Amino acid sequence: MTTDALLPALAARVRATAHAGTPACPCGAATLTTLADRPDATVVRHAGTVAKAHAADADPAALALRVEAAARLPGVLLPPLASAPVTLHGRLVTYWPYGTPVDPEDPDAAPWEAAAELLARLHRTPVPAAVPAMRGPAKAAQAVARLRAGAPDHPATDPVLRAWADLPAWARGEAAPPTAATLVHGDFHLGQLVRHPAPGGPWLLIDVDDLGTGVPAWDLARPAAWYACGLLPPDEWHRFLTAYRAAGGPAVPSDGDPWPALDVPARALTVQTAARSVAKAVAADRPLDEVELPLVDACARMAAVRPSAPGG
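This text gives an overview of the structure that appears in the document. Remember, predicted model here, so these are calculated numbers, not experimental data.

**A short note on the pattern of salt bridges**
Here is step 1 of the chain: Following the criterion strictly, the structure yields 13 salt bridges and no others.
Here is step 2 of the chain: Linking Asp-187 and Arg-222 is a salt bridge whose minimum nitrogen-to-oxygen distance equals 3.3 Å. Pair noted here: Asp-187 is in the loop between strand E7 (182–184) and strand E8 (193–195) and Arg-222 is in helix H6 (residues 218–228), with a separation of 35 residues, a long-range link.
Here is step 3 of the chain: Of the residues examined, Asp-187 reaches a relative accessible area of 10% and is grouped as buried.
Here is step 4 of the chain: Classification of Arg-222 as buried rests on a relative accessible area of 13%.
Here is step 5 of the chain: The partner of Arg-267 in a salt bridge is Asp-263, and the shortest N-O contact between them spans 3.0 Å. Of this pair, Arg-267 and Asp-263 are both found in helix H8 (residues 259–283), 4 residues apart, which corresponds to roughly one turn of the helix.

**Description of the packing of aromatic side chains**
Here is step 1 of the chain: Scanning all chains against the criterion turns up 6 aromatic pairs.
Here is step 2 of the chain: Taking the centre distance of 5.5 Å and the plane angle of 70° together, the rings of Trp-112 and Phe-240 count as edge-to-face. Placement of Trp-112 in helix H3 (residues 112–124) and of Phe-240 in helix H7 (residues 234–246) is noted, with a sequence separation of 128 residues between them. Both residues of the pair, Trp-112 and Phe-240, count as buried.
Here is step 3 of the chain: On the basis of an interplanar angle of 45° and a centroid distance of 6.0 Å, the ring pair of Trp-237 and Phe-240 is categorised as tilted. Pair noted here: Trp-237 and Phe-240 are both in helix H7, with a separation of 3 residues, about one helical turn. With respect to class, Trp-237 is no different from Phe-240; both count as buried.
Here is step 4 of the chain: Through a chain of ring-to-ring contacts, three or more aromatic side chains come together here, namely Trp-112, Phe-188, Tyr-227, Trp-237, Phe-240 and Trp-259.

**Considerations on the sheet that holds strand E1 (residues 33–38)**
Here is step 1 of the chain: Sheet architecture is open: 5 strands sit in the order E1-E2-E3-E5-E4, paired in antiparallel fashion. Only two strands of the sheet have a single partner each, and these edge strands are E1 and strand E4 (86–88). This sheet shows a mean twist of 25° between the axes of neighbouring strands, independent of strand direction.
Here is step 2 of the chain: In this structure, E1 lies alongside strand E2 (residues 41–46), joined through 5 bridges in antiparallel fashion. Bridge pairing links Arg-38 to Ala-41 in E2.
Here is step 3 of the chain: Along the sheet face, helix H2 (residues 60–71) touches strand E3 (49–54) and strand E5 (91–97) and points at about 10° away from the line of E5.

**Section: the sheet that holds strand E9 (residues 203–205)**
Strand pairing in a sheet relies on backbone hydrogen bonds, with the paired strands running either antiparallel or parallel.
Here is step 1 of the chain: Overall, antiparallel pairing links the 3 strands, which are arranged E6-E8-E9 in an open sheet. Taken across any chain shown, the strands that pair with only one partner, and hence form the sheet edges, are strand E6 (100–101) and E9.
Here is step 2 of the chain: As paired strands, E8 and E9 are joined by 3 bridges and run antiparallel to one another. Note that in E9 the partner of Leu-193 across the bridge is Leu-205.
Here is step 3 of the chain: Packing against the sheet, H3 makes contact with E8 and E9, and its axis sits at approximately 50° to E9.

**A few points about a negative patch on the surface**
Here is step 1 of the chain: On the surface, Asp-103, Glu-105, Asp-106, Asp-108 and Asp-235 cluster together into a negatively charged patch.
Here is step 2 of the chain: Within the element layout of this structure, Glu-105 appears in the loop between E6 and H3.
Here is step 3 of the chain: For Glu-105, a relative accessible area of 69% gives the class exposed.

**Re helix H9 (residues 292–302)**
Turn by turn, an α-helix covers 3.6 residues, leaving residues three or four places apart pointing in a common direction.
Here is step 1 of the chain: Taken together, the buried positions of H9 are Glu-292, Pro-294, Leu-295, Val-296, Ala-298, Cys-299 and Met-302.
Here is step 2 of the chain: The elements touched by buried residues of H9 are helix H5 (157–165) and H8.

**Concerning the environment of Ala-143**
Here is step 1 of the chain: Structurally, the position occupied by Ala-143 is in helix H4 (residues 136–150).
Here is step 2 of the chain: Here Ala-143 falls in the buried class, since its relative accessible area comes to 1%.
Here is step 3 of the chain: Put simply, Ala-143 and Tyr-95 are 48 residues apart on the chain and 27 Å apart in space, counted from C-alpha to C-alpha.
Here is step 4 of the chain: Residue contacts for Ala-143: discarding those within four places in its chain leaves Gln-272, Ala-275 and Arg-276.

The rules behind these values
Per chain, residues are indexed from 1 in the order of the written sequence. Whole-chain, interface and lining totals are the exception, using all residues; otherwise, since this is a predicted model, local features are given only for residues with pLDDT of at least 70 and side-chain atom pairs are given and counted only at 80 or more. Side-chain numbers here rest on the full set of heavy atoms in the structure, without hydrogens or water. Whenever a carboxyl oxygen of Asp or Glu lies within 4 Å of a side-chain nitrogen of Lys or Arg, that contact is scored as a salt bridge. Going along the chain from the N terminus, every DSSP run of H or I of four or more residues is numbered as a helix, and every run of E of two or more is numbered as a strand. Under the scheme applied here, a residue whose accessible area is under 20% of the maximum for its type counts as buried, over 50% as exposed, and between as partly exposed, the area being computed with a 1.4 Å probe on protein chains only. Aromatic rings from Phe, Tyr and Trp, with only the six-membered ring used for Trp, were paired whenever their centres fell within 6.5 Å, and each pair was classed as stacked if the ring planes differed by under 30 degrees, edge-to-face if by over 60, and tilted otherwise. Think of it this way: DSSP has to see at least two bridges between two strands before they count as a pair. Fitted lines through C-alpha atoms serve as axes, helices being fitted only where they are in contact, and the angles separating the N-to-C directions of these axes extend from 0 to 180 degrees. By definition in these notes, contact holds between two residues if any of their heavy atoms fall within 4.5 Å. Residues form patches when they are more than 30% accessible in relative terms and have no salt bridge. Like charges link within 9 Å. Nonpolar side chains (Val, Leu, Ile, Met, Phe, Trp, Tyr) link within 5 Å. Reported accessibility uses the Shrake-Rupley method at a 1.4 Å probe radius. Residues are deemed covered only where the shown protein chains occlude them. Only four residue types enter the charge count: Lys and Arg as positive, Asp and Glu as negative, with His and the chain ends excluded. Taken as the charge centre is NZ of Lys, CZ of Arg, CG of Asp or CD of Glu, depending on the residue.

Fair warning: the whole summary comes from geometry, so function is off the table for now.
Structure below.
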């Protein structure tokens, strides 16, 4: 998590940024909220400002390019408050306006159509010069590496690793993708959406850590994987897919079977999520739950049917 020094320093910075140009903070310390405190990110909010300390191994040049790309895509990505990351206690820090997130307690209000339209617009955007490759496959590989290290003897590990081994090299982060001409979010899920200005502004995409060039189907892969595993209701999946197609998204054909384009990315996201789930369950010394078990079962089924997709 955070070091002892990082969190108070981050809190001081976010207060100063929120009240730039004023003599003192009128809000009080109680208004500081820690939104996330994970090894890969520490996020705090004060008033209408959010500060994010990125992973310790974040690449400064790549992150700067990603933040710059977000600043150039208003209406699609939440724009940063500062044009470049700063360094604080050895961590890169970026500043963002606060937006209202998706309510996890109200699944019926999930903005599937808005998310699909934003992704389609992102995928149709000309790729900015020098933007790095998306980090999706590399993050999947990291999840599998943690599974190997932390749960080598768990009975669920073997089907997950067999499904991983059947994926093409690009989906495992070991080779260039079959196409890299599209700007891709790289880690899309409903938690990557906020309304800005809060509380009721339009939906925007957040989190640029994995933004870059790559295969656009990767951004559809997590909802597709959950649908295939029986964890996302068919009507929600079809709302999302229909809206993406209607908005001219290039990741799948405009009609007909979308699965040849989605198969490999959906398998990769299933493996990644299953690997994380098993590793977390072992670390917590608990059994797999009702969401995690279907992911492992899907990996076992995938190992029996080789993937088939363009470039795969």
